Amino acid sequence: MAQGVQDPEADLGKARRVVALATAVGNFTEWFDFAIYGFLAATLGRLFFPGVSPAASLLASLAVFGVAFFMRPLGGLVLGAMGDRRGRRALLTLSIGLMGLSTTLIGVLPTYAEAGVLAPILLVLLRCLQGFSAGAEWTGSAAFLVEHTPTNRRGRFASVVSATAALATAFGGLLVLALELSLTPEQMLSWGWRVPFLVAVPLTLVGTWIRLRIDETPVFQRLVQAGAVSTAPVRRAGRDVRAIALTFAFSSVQGLGFYYLATYVISFLTATVKLPQSRALVLVAIGLLVYAALCPVAGALSDRVGRRRVNLAGGAGLAIVSVPAFALMGTGTAAGVVGGMVLFSVFQSMVSVTTVCMLVELFPAQTRSTSSAIGFNLGLALIGGPGPLIAAAIAAGTGSSTLPALYMVVVAVLGTVALARWLPETVGRGLDADAAVAAGSTR
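Residues numbered from 1 in each chain as written. Predicted model: local features only at pLDDT ≥ 70, side-chain atom pairs only at ≥ 80, totals over all residues. Heavy atoms only, no water.

Under an unreviewed UniProt entry, the name given to the protein is MHS family MFS transporter, and the organism recorded is Pseudonocardia xinjiangensis. As its UniProt record puts it under Subcellular location (unreviewed entry), the protein is described as follows: "Cell membrane". What UniProt states about the protein under its Sequence similarities (unreviewed entry) heading is, verbatim, "Belongs to the major facilitator superfamily. Metabolite:H+ Symporter (MHS) family (TC 2.A.1.6) family." (UniProt positions renumbered as here; feature names shortened; annotations may be inferred.)

As for unusual backbone geometry
Not every positive phi belongs to a glycine, and Lys274 is a case in point at roughly 70°. Along the chain, the position of Lys274 falls in the loop between α13 (241–272) and α14 (277–305). A relative accessible area of 62% places Lys274 in the exposed class. (Helix = DSSP H or I, 4+ residues; strand = E, 2+ residues; numbered from the N terminus. Buried < 20%, exposed > 50% of the residue type's maximum accessible area, 1.4 Å probe, protein only.)

Focus on the packing of aromatic side chains
Per the counting criterion, the structure on display carries 13 aromatic pairs. Relative to Phe171, the ring of Phe32 has its centre 5.4 Å away and its plane inclined at 45°; by these criteria the two rings are tilted. You can see Phe32 sitting in helix α1 (residues 8–39) and its partner Phe171 sitting in helix α7 (residues 154–182), a full 139 residues away along the chain. Accessibility expressed as a relative area gives 36% for Phe171, which makes it partly exposed. With a centroid separation of 5.1 Å and 75° between ring planes, the pair formed by Phe268 and Phe326 is classed as edge-to-face. A residue pair is termed long-range when its members are at least 10 positions apart, and Phe268 in helix α13 and Phe326 in helix α15 (residues 307–329) qualify at 58 residues. (Phe/Tyr/Trp six-rings, centres within 6.5 Å; stacked < 30°, edge-to-face > 60°.)

Side note on the layout of surface pockets
When its volume is computed, the largest pocket comes out at roughly 590 Å³. Put simply, the parts of the chain that give the lining of the largest pocket at least two residues each are α2 (41–48), α3 (54–86), α8 (185–192), α13, α14 and α18 (387–398). Among the residues forming the lining of the largest pocket, the class breakdown is 17 nonpolar, nine polar and two charged. Here the second largest pocket is characterised by a volume of approximately 410 Å³. Lining the second largest pocket are 26 residues, and of these Ala15, Arg16, Val19, His148 and Pro218 sit closest to its centre. Within the residue set of the lining of the second largest pocket, elements represented by two or more residues are α1 and α11 (218–225). When residues in the lining of the second largest pocket are grouped by element, the largest group, seven residues, is from α1. (1 Å grid on protein atoms, 1.4 Å probe; cavity = no way out; pocket = protein on both sides within 12 Å on 5 of 7 lines; lining within 4 Å. Points joined across faces, edges and corners; volume = space filled by probe spheres on them. Nonpolar A, V, L, I, M, F, W, Y, C, P; charged D, E, K, R; others polar.)

Some words on empty space enclosed by the protein
For the structure shown, the criterion picks out two cavities of 30 Å³ or more. What the second largest cavity holds in volume is close to 40 Å³. As for the second largest cavity, its lining consists of Trp31, Arg72, Trp138, Gln254, Gly255, Phe258, Tyr259, Phe376 and Leu380. Counting only elements with at least two residues in the lining of the second largest cavity, the list comes to α13 and α17 (368–384). With four residues, the single largest contributor to the lining of the second largest cavity is α13.

Comments concerning the side chain of Arg127
Take Arg127: it is sitting in helix α6 (residues 118–146). For Arg127, a relative accessible area of 0% translates into the label buried.

Some words on the nonpolar core
Grouped burial of nonpolar side chains is what soluble globular proteins tend to show. In this structure, Phe48, Tyr260, Leu269, Phe326 and Met329 are the most contacted members of the largest nonpolar core, which totals 126 residues. Per-element tally for this core: the top contributor is α13, with 17 residues. Not counting chain neighbours up to four residues away, the residues in contact with Met329 comprise Val265, Phe268, Leu269, Val273, Gly336, Val337, Gly340 and Met341. (Core = buried A, V, L, I, M, F, W, Y, C linked by side-chain atoms within 4.5 Å. Contact = heavy atoms within 4.5 Å.)

Side note on the side chain of Asp84
Tracing the chain through its elements places Asp84 in helix α3. Polar side-chain contacts of Asp84 include one of 3.4 Å to the backbone nitrogen of Arg368. A polar side-chain atom of Asp84 sits 2.6 Å from a polar atom in the side chain of Thr370. Each residue touching Asp84, except ones within four places of it in the same chain, is listed here: Phe220, Val229, Ser230, Pro233, Ala365, Gln366, Thr367, Arg368, Ser369 and Thr370. (Polar contact = N/O pair within 3.5 Å; in protein donor to acceptor, adjacent residues only side chain to side chain.)

Focus: α7
An ideal rise of 1.5 Å per residue puts 42 Å on 29 residues; α7 measures up with 42 Å between its terminal C-alpha atoms. Extensive coverage of α7 is indicated by the burial of 21 of its 29 residues. (Expected span 1.5 Å × (residues − 1).)

Description of the packing of α13 against α18
Following both chains from N to C, one finds α13 and α18 inclined at 35°, their axes separated by 9 Å at the closest point. Judged by the twist between their axes, the crossing of α13 over α18 is right-handed. Contacts between α13 and α18 involve Leu256, Tyr259, Tyr260, Thr263, Tyr264 and Thr272 from the former and Gly387, Pro388, Ala391, Ala392 and Ala395 from the latter. For the contact of α13 with α18, a count of residues per class yields eight nonpolar, three polar and no charged. (Axes fitted to C-alpha atoms, helices over the stretch in contact; angles between N-to-C directions. Left-handed = near helix turned anticlockwise from the far one by under 90°.)

This is the structure:
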């Protein structure tokens, strides 16, 4: 090509990489903010729910973690509808701003010793605001990224959403570890626990700045040009009932598996296996990094053989390996913990990346943000979000290191059986308003 002549394909590839970077940075920020609560659950239990046993305070803290999930459907409905009316970029910019604000405010909350019962009330309210924000982030990121992506590479690009969520969680764990190692227990309880929440300030500013500088997706731009943007996406979402039901099924499996890895495992290792906090955090971070590395592999596989096959294989795998994985982690050895997390992660990555793709491919463009958010967040609110609390309760009640996995097994079996019957193949589907077909078609 002659010097000075632009290569349209090169420019397009560069634009897609910028979109992937913007999605990665924003998604990293959002899930770092959301996940650090889980790593500090035991500390927060002591500060905001004192006067009971350590096990009871941990359960109370995890219950607050779960409360946020019941706000996710509302956030998904409100912000998802905004994404269908105003655009995917507007949704993601507001989402990251709300998450950053709520996380920062948690970092400056008074504790129970300073404010009495007002302290846990404020904590619950801010976790609800976090849940409201998170209700649109995953589905919004999925739509934004995949609508920018070539048809034959959607799985590989979609893996950015899954991988950065894991990387953010690992980073949160390592930050908490650094604080645990550099501060005394008294300093950690006094002010050290606030630091990870206050890190949200610079992360949110950077993430918001990047998201404001990127273009709207080509799919939404074509909707605007055609005058086809829906003014009532919530009402029109009623046409997507079948696809919403399928989304509920695969999101329940995906969400529960992710929060087992990202939140429950650290509590499991410290409360049930009795590992020191510092050791547990290192091992969990290693496991999450391996999971993040597996996500692009799962995405590429789904591009090659289809979403349906990869998702069903992942769900069936979780049903089979969850108990052995927790048995390995229950040994408390480094090899056992990391090996158990890797075994779990192989199949979780398959479920997670295909979920990102199908959140986009199952729905028509006019209602994509709204309808996908409804199904996804109902699955997380009713099934995935309560998972850490249910698993911790099983472990506390039985003292077993393997029985907490049974909840994952049951959900994976039920979800995979339903999906095997009704989930269509979505790879290769068009994403424009006249091309995307809801889930009424078959393979």
